[in-house]
Each structure stands twice: as structure tokens, then as C-alpha cells.
Amino acid sequence: IGAKNAAVRKLNHELGIPPHQLPLEKFKFLTRLHYWAADTITHGKESPWGENEIDYVLFFCVKNKAELTIKPHPDEVDDYMWVTSDKLVEMMNDKSLLFSPWFRIITKKWLLS
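Small disclaimer: the values here were computed from a predicted structure and weren't measured. Starting afresh in each chain, residues are numbered from 1 along the sequence in its written order. Totals for whole chains, interfaces and linings use every residue, but because this is a predicted model, local features are given only for residues with pLDDT of at least 70 and side-chain atom pairs only at 80 or more, for both listing and counting. With hydrogens and water stripped out, all remaining heavy atoms of the structure feed into the side-chain values.

> Just give me the short version of helix 3 (residues 85–92), but keep the residues and values in it.
Accessible area is worked out with a 1.4 Å probe on protein chains only. A residue is then buried under 20% of its type maximum, exposed over 50%, and partly exposed in between. Helix and strand assignments come from DSSP, with helices taken as H or I runs of at least 4 residues and strands as E runs of at least 2, each series counted from the N terminus. Residues Leu88, Met91 and Met92 constitute the buried set of helix 3. Here the buried residues of helix 3 occupy an arc of 95° about the axis, which is enough to place them on one side. The arc under discussion is defined with respect to the helix axis, by the directions toward the C-beta atoms.

> Help me get a handle on the side chain of Gln21, residues and values and all.
Mapped onto the secondary structure, Gln21 falls in the loop between helix 1 (2–15) and strand 1 (27–38). Owing to a relative accessible area of 17%, Gln21 belongs among the buried residues under this scheme. Polar contacts involving the side chain of Gln21 include one to the main-chain amide nitrogen of Thr69, which spans 2.7 Å. Setting aside its immediate chain neighbours within four residues, Gln21 contacts Phe60, Glu67, Leu68 and Thr69. Whenever two N or O atoms come within 3.5 Å, that pair is a polar contact, provided that in protein one can donate a hydrogen and the other can accept it, and provided that, for residues adjacent in sequence, both atoms are side-chain atoms. Here, two residues are considered to be in contact whenever any of their heavy atoms come within 4.5 Å of each other.

> Explain the packing of aromatic side chains residue by residue, including any values.
Aromatic pairing here means that ring centres of Phe, Tyr or Trp (its six-membered ring) are within 6.5 Å. Orientation follows from the plane angle: under 30 degrees is stacked, over 60 is edge-to-face, and everything else is tilted. Within this structure, the stated rule accounts for four aromatic pairs. Relative to Tyr56, the ring of Phe29 has its centre 6.3 Å away and its plane inclined at 55°; by these criteria the two rings are tilted. Here Phe29, found in strand 1, pairs with Tyr56, found in strand 2 (residues 50–60); they are 27 residues apart in sequence, far enough to count as distant.

> For the environment of Pro48, give the residues involved together with the corresponding values.
One can find Pro48 in the loop between helix 2 (40–43) and strand 2. Considered as a pair, Pro48 and Ala38 are 10 residues apart in the sequence and their alpha carbons are 7.1 Å apart.

> Outline the confidence of the model for the chain, listing residues and values.
The predicted structure's coordinates, where accompanied by low pLDDT, should not be read in detail. For every residue, the predictor reports its confidence as pLDDT, a number between 0 and 100. Here the chain averages 91 in pLDDT, and 100% of its residues register 70 or above. The lowest-confidence element of the chain is helix 2, averaging 72 in pLDDT; the highest-confidence one is helix 1, averaging 97.

> Can you tell me about the pattern of salt bridges, naming the residues and giving the values?
Should a side-chain nitrogen of Lys or Arg be within 4 Å of a carboxyl oxygen of Asp or Glu, the pair is scored as a salt bridge. Evaluation of the coordinates by the stated rule reveals three salt bridges. Note that Lys10 is salt-bridged to Glu14, the shortest N-O span being 3.5 Å. Of this pair, Lys10 and Glu14 both sit in helix 1, four residues apart, which is roughly one turn of that helix. The partner of Lys87 in a salt bridge is Glu90, and the shortest N-O contact between them spans 3.3 Å. One end of the pair, Lys87, and the other, Glu90, are both in helix 3, three residues apart, so they sit about a helical turn from each other.

Spelled out as C-alpha cells, the structure:
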């Protein structure tokens, strides 16, 4: 339940989704993973900076995007969009777009399988 409470806090902080729209029982725990990636985009091939963390992967499904109020925090989120599975595949194959390695892993293993 701790990971779900943390998810509610982060979804409020980063995307501005009010906690009352995120009942804990609607979160589905998928897995926990160790994630490590160097920030080679910003700091080059020999980057000393990056991420090294344990992440919980939770899904929260809605039938209609109108179910959630989204007001992204400008210091956390540049942009967001709702996409179909086909559109997501198209976007992930577009070399001009950047996706974090962990998002690619989750997408391949759970979203598109």
C-alpha cells in the first residue's frame, strides 16, 4: 500500500491529478524492478550521471480521459498526450523522439503484449 500512496502523491505533484480521483483499489501492481541508466543524452557516452533506483510499476486504468483532471507541474512535465496503442508504437519507432529506457521496457513487456 506504501507504493500506491507514493503514486498518488507523485501523480498529484507531477501531473496535478487530485488524490480523490485516484482510489488506491484501482491501482494494479505489476512488478518492482531495479533500473539503472546513464544520462548519455545530456552528459555524453562516459556520463557519470544517471539513475539507479528501485521502481514499482503500477497501472491505473480509466475508461475515459475525462475521469481525470490533469494539470501538469511545469517543472516536472513538458507535455503529455493520450494515445492509442498503435500511435504509441509509431511514436516509439520515431528516432526523433526520446523515451526513457524504463518506459520502453514497461511498454514492451506490459502495454503492448
